[in-house]
Amino acid sequence: MTMGFHRPTSLAHATELKASLGAGAFFLAGGTELNSRASRLDPLHLIDISALELDFLEKERGSLVIGATTTIQELIEAPPVPTPLRQAALNITNRNIRNQATLGGQVANNKNWGALLPALLVMGARIRGLDERGNHLEMELRDYLDEHPPALLVSIVVPLPSAGRATAVDQFTRSANDIPMVTVAASMGRRLERVHRPLLAVGGVADRVLRLEQPEALLDGGVLPEPAAIRRMIRSAISPVSDQKGGAHFKRHITCVLLTNAIYTAFSAAKDPGTEEMG
Amino acid sequence: MMKVRFFLDGSPLELQTTAHRRLRDLLQAQGVISARNGCDGHGSCGACAVLVDGRLMNSCLLLALQVEGRDIRTVAHLSPSHPLHGGKGDARVPSNPEIQLSDLQSAFVDSGVVQCGYCTPAMLLAVKELLDRQEHPSQEQVKDALSGIFCRCTGYQQIFTAVQLALSRRAGANDLPAVAPSFRKDLRFVGKATPKVDAPHLARGGAAFVEDRVPPGTCHLKMLRSPHAHAYISSLDTSRAQALPGVHYVLTHRNCPDVYYTHAGQGFPEPSPYDRRMFSRKLRHVGDRVAAVVADTPEIASRALALIDVEYEVLEPVLDIDHAAAPGAPPVHGGAVEYVTGAPPDLDNDGADPRDGKVIYQFPIHGDPRRNIAARVDGGIGDIQKGFAQADVIIEREYRTSQVQCTPLEPHVVFTRMEEGRLVIHASTQVPWHVRRIVSRLLGVRENQVRVIKERTGGAFGSKQDIVLEEVAAWCTWVTGKPILFRFTREEEFIASRTRHPMEIRMKLGARKDGTLTAMEMDLRANTGPFGSHCLTVPMNACSKSLPLFLCDNVFFRVTTYYSNIPPTGAYQGYGAPKGSFAVQMAMAELAAELGMDHLELLEKNRVRQGSMLEILRCLGEGREGSPQLVHSCGLGPALKKGAHDIAWGQREQSPDPDIRIGKGLAIVQQGSGLPDLDSANAAITMFGDGTFMLLSGGTDLGTGLDTVTVKMAAECLSIPMEHVSLVAADTDVTPFDVGAYASSGTFFSGGAALNAARSMKRMILDVASEMLHEPVENLRLVFPSTVEGKSGSVSYLDIARFTQGGTGRGQLSATGSFTTTKASFPYGAHFCQVAVNVETGQVRVQRYYALQDCGTPINPELAQGQIYGGVLKTIGHSLQEEMLLDENGRCLNPDLLSYRVPMINDIPRDFRAELVYTDDPFGPYGGKSVSEISCNGAAPAIASAIHDAVGVWIRSWPFTPEKILKAMGKP
Ligand SMILES: Cc1cc2nc3c(=O)[nH]c(=O)nc-3n(C[C@H](O)[C@H](O)[C@H](O)COP(=O)(O)OP(=O)(O)OC[C@H]3O[C@@H](n4cnc5c(N)ncnc54)[C@H](O)[C@@H]3O)c2cc1C
Ligand code: FES
Ligand code: FES
């Protein structure tokens, strides 16, 4: 049970508190996870980060820098947010949750079904934060999700899509507010009718959201294969396990279907910058 | 303790709080009762929602300390007399009936979207937030605004009407959208949309529910529950718990009354066996009672539970019908079997295990508990073998239904207290008089020592027809003298409340080539779980509300109900009929396919119609001889015709998406209107000094609009404004007896009793007026409002009240009315739907759903539609997404609203219609028949047949998951 509540007003103070209070202390953003009675987290101390002024959204050299305490709903409402990210945010169907939950919370929560994580991954997002000693930290989101260091997230840096690149997201749920069984995102460019630098991510098939490097490499530079061939690539790249949400076999099938569709959607929306210029 | 300051509905507030305290709990402690609790802080129901700086958030997910400096608004701020609007009034709990409603609240009330009202404050805030940012929202934006709020009652559809109505009124439109169709031009109130009588108070978030009656200082009861599905308690030590300061009482199988009873709230003598003690040594399901603790606070009670030392002798659990029926299966009830009457001559209790207690049948229902059989019955008409011999086509299929939970937003809750030596029970129940009878028997006291007050009920849906917590709190209060609150957690609601019986139904149908049915055979096996609540009647109702839809000379049914160790089952809106209907309607759909006939044509050929004699009902009584019934009214013809037209039956739809196939399906449905010869209802009406009235009704309104029905009966009959009738209902001290709200009896029985009381009052009024006007009664008529007109003049009810209540008068006019009947009035309906099936993912989306219901005269048309929307959406949920998952040890894996997947507003069909088909029924009050339960019978078969139409596979078990559909389609 939480015994201590702290509301630091500077980043330095926030990390100092975390360092001094130890593993039982958690940064509190929206609180939709931390305060939920369904959560397995049992914080001894909460470090409320709402006074750190991290609810900003700025453009910075071809990227969008989104403050960690920007809520999911604010993200949806902010004009510069790229459409696929907005779509992914809207996949959290429950508006009450969107009004309260933050992007930083979504990332730090690192759930394998996190609605925005596949989209952020294929958009090449990076995180900025402070490590436990208060040192500046910047890393690929992918590395952050893999290593999950106990850092204070300050912002998520999302590169704005380069010309012609397109991203598609999707998720599989059984009902409107269901926690998704599978989430997918695909992003790619198009060069001379060929797939260019595809990035693929899936959630729900491993303990965290994954990038699928093998299929990415197979697709890169080639003409878009038939759906059945893409599904085969995806199938061999994942090994989901059966649980309450669905059997392993079914999850694998759904991932293949959703991600193949997303690949096709992204490819057909992608534009070859060369042909663009010519046109 | 820390300080937190914020603005509550415009007023600054500074409070002390602990670090972990949730905003909801802090607000509750401040008397803000409208932030409700529906999910124990999981954040999944939205019942606790408040506006935080103008944004809707769940106050159970916010720490109090998080709202430092922020602006918090509750439903109270909507009231036009709230200080924020420059008026006067209690800032937090506007319960003063003089307070007016805001335009939003009025629109909610007028459009019939306030049913139980437990979710209403949250819904209102969601719409408020929406309209503050979006002047003219689209339907999708309305859905998005309400996407986090769970409502089990309404089916959400009428929220769109409410928003439209509010906007039209704001715009000063002359042409307001109609909230519902009108019926019966000859009547003033009946058949017209009029505000639900309890809705304004609920829309204000006023005190109404059990939890709102609980004063400070009340003790809390918590239950230690079995972690095992099947076990004996081998040792139990409560001494450490008892020694904990703040603990008043610990109750176990050792000190509870040694009395057997049934939880089922049914008329005495119940067909359900008395197969439980309050606590027993044998534990029969995960969640079964081990010990109850009464303590000063919930926290102390929880700590005490942890101090109870229990050892279990774990037994093999029995979780499904096949296992229960297998030779040598562990008996769930291995104790002695007794009969109050009619013990079979071969009754043999040798080898009964005393640790298992007893099973006492009030009369034989052919159970054999040692073989896990709780009840058995068979019967039929004609000659089934001959019928099959006459058939050109015979099909045999098996259908399965799953275990689903009622999930009322307000869980089971009771507040018990002593008052002047009597026990008072504030209950959220469907059956106040059965609660009183069962509790007094358990306590060994007279019924006049117990008072049960039914408070507003935050949803029930059958689960509150059983007495699953009242008797424990009542006993503890009686023994300790302490006032006690016992409220189920959401998890307890799943594992220790009531659910639908899983069933396996084998159907065999025979028909001639032209589609004429020659034989129908239904072999039904039901899983009742640990106790036999409704073990005979629910499965029988599955037969009696599905077979009589068809005219067939040769019908046979067999029902066998098995005990097992799954969470308890019982009554659930529809009472078995949704499952019987699934099997019978699906079998008809499959028969049509087999015959190469159109499904609708096959139904038309064989269906019941006005004037049909239902012989089959002779053998489908509730544990006794039934009687055949003539169908006096039946709206199936027009319902089928209109439904088929509207959905363009027979026309194939195409989706632009190559992965999507679209199909259409249909089902016909029926129910009853209470139980002829079994149910009874009573009412009383008294004239006040100014000619207004007090109506006392035994009827138990669960949010369905029954109170509005009874008030309407009196107002219509006596030609008075509805506001001139005040109502007290369902208080065993004050109002006359009523069996309670079940078996679709409300409008027919309780409404009928109110009408009979009003008719009797009318006769009295005419008698007095005749005396006052010196005219014979034949010359007199009632004239609206509140006047008796004769040839020579008129008298008002005010005059009559003064005349009768004066020193020379005949005394205050007071009349009673009761309703019993031997006649049945069956509601009918036709449900049509269109589904889109994704052939790659197996996902099903219900695009259109049209429920056309014949409820005779719809007494409250907008509320009748609300019942239909609510019933249909629940069962769309049961068909597609809801299901209690148990592991191999009988533990429920998803005892919460989120992972159980209750339907939310974004789950409703894109085009959702509840249409009322008028028929003229001779028996019910003003021709009213029932409407709620029947609405649950169509979704499963209509959707399953639409899936078949779309992708050619029959899915014969609930729920129709994507995984099952793909498998049936032979996909990987
Ligand atoms: C009913 C319900 C439905 C939901 N549905 C969905 C859904 O459909 N899809 C989905 O993806 N999610 C869903 N969620 C989960 C929710 O979106 C996430 O919990 C949310 O994104 C977390 O954000 P938060 O700000 O509330 O995090 P918090 O609860 O405040 O924190 C979550 C975790 O992140 C850490 N943290 C937060 N901010 C930072 C930071 N800046 N730096 C370092 N660590 C930090 C916390 O210490 C904690 O460990 C649902 C939650 C609920 C309760
Ligand atoms: S009680 Fe807060 S969301 Fe359910
Ligand atoms: S009216 Fe919404 S839960 Fe009852």
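These numbers were taken from a predicted model, which means no experiment stands behind them.

## Regarding the overall build of chain A
For step 1, the next point in the chain: Across its full length, chain A carries eleven helices and twelve strands.
For step 2, the next point in the chain: Its C-alpha atoms give chain A a radius of gyration of 19 Å, within 12% of the compact-globule value 19 Å for 279 residues.
For step 3, the next point in the chain: Judged by the C-alpha coordinates and their principal axes, chain A covers about 55 × 45 × 30 Å.
For step 4, the next point in the chain: Considering only contacts in chain A between residues 6 or more positions apart, those separated by 24 or more positions represent 60%.
For step 5, the next point in the chain: Accessible area of chain A: about 11,500 Å², with a carbon and sulfur share of 51%.
For step 6, the next point in the chain: Averaged over its 29 positive side-chain charges, chain A has a centre that lies 6 Å from the centre of its 29 negative ones.

## Some thoughts on empty space enclosed by the protein
Residues and elements named next belong to chain B.
For step 1, the next point in the chain: Scanning all chains against the criterion turns up ten cavities of 30 Å³ or more.
For step 2, the next point in the chain: What lines the largest cavity is a set of 41 residues, and nearest its centre among them are Thr704, Ser744, Gln867, Ser932 and Glu933.
For step 3, the next point in the chain: Secondary structure elements with two or more residues in the lining of the largest cavity: helix H18 (706-718), helix H19 (746-773) and helix H21 (861-880).
For step 4, the next point in the chain: Per element, the largest residue contribution to the lining of the largest cavity is four residues, and it comes from H21.
For step 5, the next point in the chain: Residue composition of the lining of the largest cavity, grouped by class: 18 nonpolar, 20 polar and three charged.

## Quick notes on the pairing of strand S18 (residues 450-454) of chain B
Residue and element names in this part refer to chain B.
For step 1, the next point in the chain: For S18, the buried fraction is high: five of the five residues fall into the buried class.
For step 2, the next point in the chain: The side-chain alternation of S18 yields two buried faces, one formed by Val450, Val452 and Lys454 and the other by Arg451 and Ile453.
For step 3, the next point in the chain: Pairing of strand S17 (residues 422-427) with S18 involves five bridges; the strand directions are parallel. Bridge pairing in S18 places Val424 opposite Arg451.
For step 4, the next point in the chain: As a crossover connection, the stretch from S17 through helix H11 (residues 432-443) into S18 is right-handed.

## Some thoughts on the environment of Ala107 of chain B
All names here are of chain B.
For step 1, the next point in the chain: Inspection of the secondary structure puts Ala107 in helix H2 (residues 103-110).
For step 2, the next point in the chain: On the basis of relative accessible area, Ala107 is assigned to the buried category, the value being 0%.
For step 3, the next point in the chain: Leaving out residues up to four positions away in the same chain, Ala107 has contacts with Ala162, Leu165, Ala166 and Arg169.

## Some details on the side chain of Thr700 of chain B
Residues and elements named next belong to chain B.
For step 1, the next point in the chain: By the secondary structure assignment, Thr700 is in the loop between strand S27 (693-697) and H18.
For step 2, the next point in the chain: Taking relative accessible area as the criterion, Thr700 reaches 2% and is therefore assigned buried.
For step 3, the next point in the chain: Non-local contacts of Thr700, meaning those with residues more than four positions away in its chain, are made with Thr429, Gln430, Pro432, Lys454, Leu706, Ala730, Gly740 and Ala741.

## So, the packing of aromatic side chains
Residue and element names in this part refer to chain B.
For step 1, the next point in the chain: With the rule as written, the count across this model stands at 19 aromatic pairs over all chains.
For step 2, the next point in the chain: On the numbers, 6.4 Å between centres and 50° between planes, the contact of Phe826 with Tyr828 is tilted. Each member of the pair, Phe826 together with Tyr828, is buried.
For step 3, the next point in the chain: Ring geometry for Tyr869 versus Phe912: centroids 4.9 Å apart, planes at 70°, classification edge-to-face. One end of the pair, Tyr869, is in helix H21; the other, Phe912, is in strand S35 (residues 911-916), and 43 residues separate them in sequence.
For step 4, the next point in the chain: Residue Phe912 is classed as buried on the basis of its relative accessible area of 4%.
For step 5, the next point in the chain: Taken together, the ring pairs in this structure connect Tyr399, Phe582, Trp958 and Phe960 into an aromatic cluster.
For step 6, the next point in the chain: The residue whose ring lies beneath Arg355 is Tyr232, and the NZ or CZ to ring-centre distance is 3.7 Å.
For step 7, the next point in the chain: Its end group placed over the ring of Phe388, Lys508 keeps NZ or CZ at 4.4 Å from the ring centre.

## So, the sheet that holds strand S20 (residues 503-511) of chain B
Residues and elements named next belong to chain B.
For step 1, the next point in the chain: The strand order S14-S22-S21-S20-S15 describes an open sheet built from five strands, whose pairing is mixed. At either end of the open sheet lies a strand with only one pairing partner, and these are strand S14 (373-381) and strand S15 (393-401). Averaged over all pairs of adjacent strands, the angle between strand axes in this sheet comes to 5°, irrespective of strand direction.
For step 2, the next point in the chain: Running over the sheet, helix H15 (residues 577-595) touches S15, S20 and strand S21 (517-529) and is turned about 145° from S15.

## Structural notes on the layout of surface pockets
For step 1, the next point in the chain: Space inside the second largest pocket adds up to approximately 1,200 Å³.
For step 2, the next point in the chain: Lining the second largest pocket are 45 residues, and of these Gln171, Thr173 and Ser175 of chain A together with Gln843 and Arg845 of chain B lie nearest its centre.
For step 3, the next point in the chain: Of all the secondary structure elements, the ones that give two or more residues to the lining of the second largest pocket are strand S9 (166-172) and helix H10 (248-269) of chain A together with helix H4 (139-145), strand S33 (828-838), strand S34 (844-854) and H21 of chain B.
For step 4, the next point in the chain: With five residues, H10 of chain A is the single largest residue contributor to the lining of the second largest pocket.
For step 5, the next point in the chain: Across the lining of the second largest pocket, the residue classes tally to 19 nonpolar, 15 polar and eleven charged.

## Some words on the sheet that holds strand S11 (residues 309-314) of chain B
Working definition: the strands of a sheet are paired by backbone hydrogen bonds and lie parallel or antiparallel to each other.
Residues and elements named next belong to chain B.
For step 1, the next point in the chain: On the basis of which strands lie adjacent, the open sheet formed by three strands has the order S9-S7-S11 and antiparallel pairing. Two strands lie at the open edges of the sheet, namely strand S9 (282-283) and S11, each paired on one side alone.
For step 2, the next point in the chain: In this sheet, S11 lies alongside strand S7 (residues 231-237) in antiparallel orientation, the contact comprising six bridges. Within S11, the position partnered with Tyr232 by the bridge is Glu313.

## A word on the pattern of salt bridges
For step 1, the next point in the chain: Counted under the stated rule, the structure contains 84 salt bridges over all chains.
For step 2, the next point in the chain: Where Glu840 of chain B meets Arg231 of chain A, a salt bridge forms, and the shortest distance between an N and an O atom there is 3.1 Å. With Glu840 of chain B in the loop between S33 and S34 and Arg231 of chain A in helix H9 (residues 227-237), this residue pair bridges two chains. Each member of the pair, Glu840 of chain B together with Arg231 of chain A, is buried.
For step 3, the next point in the chain: Two residues, Arg506 of chain B and Glu521 of chain B, come together in a salt bridge whose shortest N-O distance is 3.1 Å.

What counts, and where the lines are drawn
- Residues numbered from 1 in each chain as written.
- Chains lettered and ligands numbered in written order.
- Predicted model: local features only at pLDDT ≥ 70, side-chain atom pairs only at ≥ 80, totals over all residues.
- Heavy atoms only, no water.
- Helix = DSSP H or I, 4+ residues; strand = E, 2+ residues; numbered from the N terminus.
- Rg over C-alpha atoms; globule rule 2.2 N^0.38 Å.
- Contact = heavy atoms within 4.5 Å.
- Areas by Shrake-Rupley, 256 points an atom, 1.4 Å probe, with all protein chains shown as cover.
- Lys, Arg positive; Asp, Glu negative; His and termini not counted.
- Charge placed at Lys NZ, Arg CZ, Asp CG, Glu CD.
- 1 Å grid on protein atoms, 1.4 Å probe; cavity = no way out; pocket = protein on both sides within 12 Å on 5 of 7 lines; lining within 4 Å.
- Points joined across faces, edges and corners; volume = space filled by probe spheres on them.
- Nonpolar A, V, L, I, M, F, W, Y, C, P; charged D, E, K, R; others polar.
- Buried < 20%, exposed > 50% of the residue type's maximum accessible area, 1.4 Å probe, protein only.
- Pairing = 2+ DSSP bridges.
- Right-handed = clockwise from strand over helix to strand, strands pointing away.
- Phe/Tyr/Trp six-rings, centres within 6.5 Å; stacked < 30°, edge-to-face > 60°.
- Lys NZ or Arg CZ within 6 Å of the ring centre and 35° of its normal.
- Axes fitted to C-alpha atoms, helices over the stretch in contact; angles between N-to-C directions.
- Salt bridge = Lys/Arg side-chain N within 4 Å of Asp/Glu carboxyl O.

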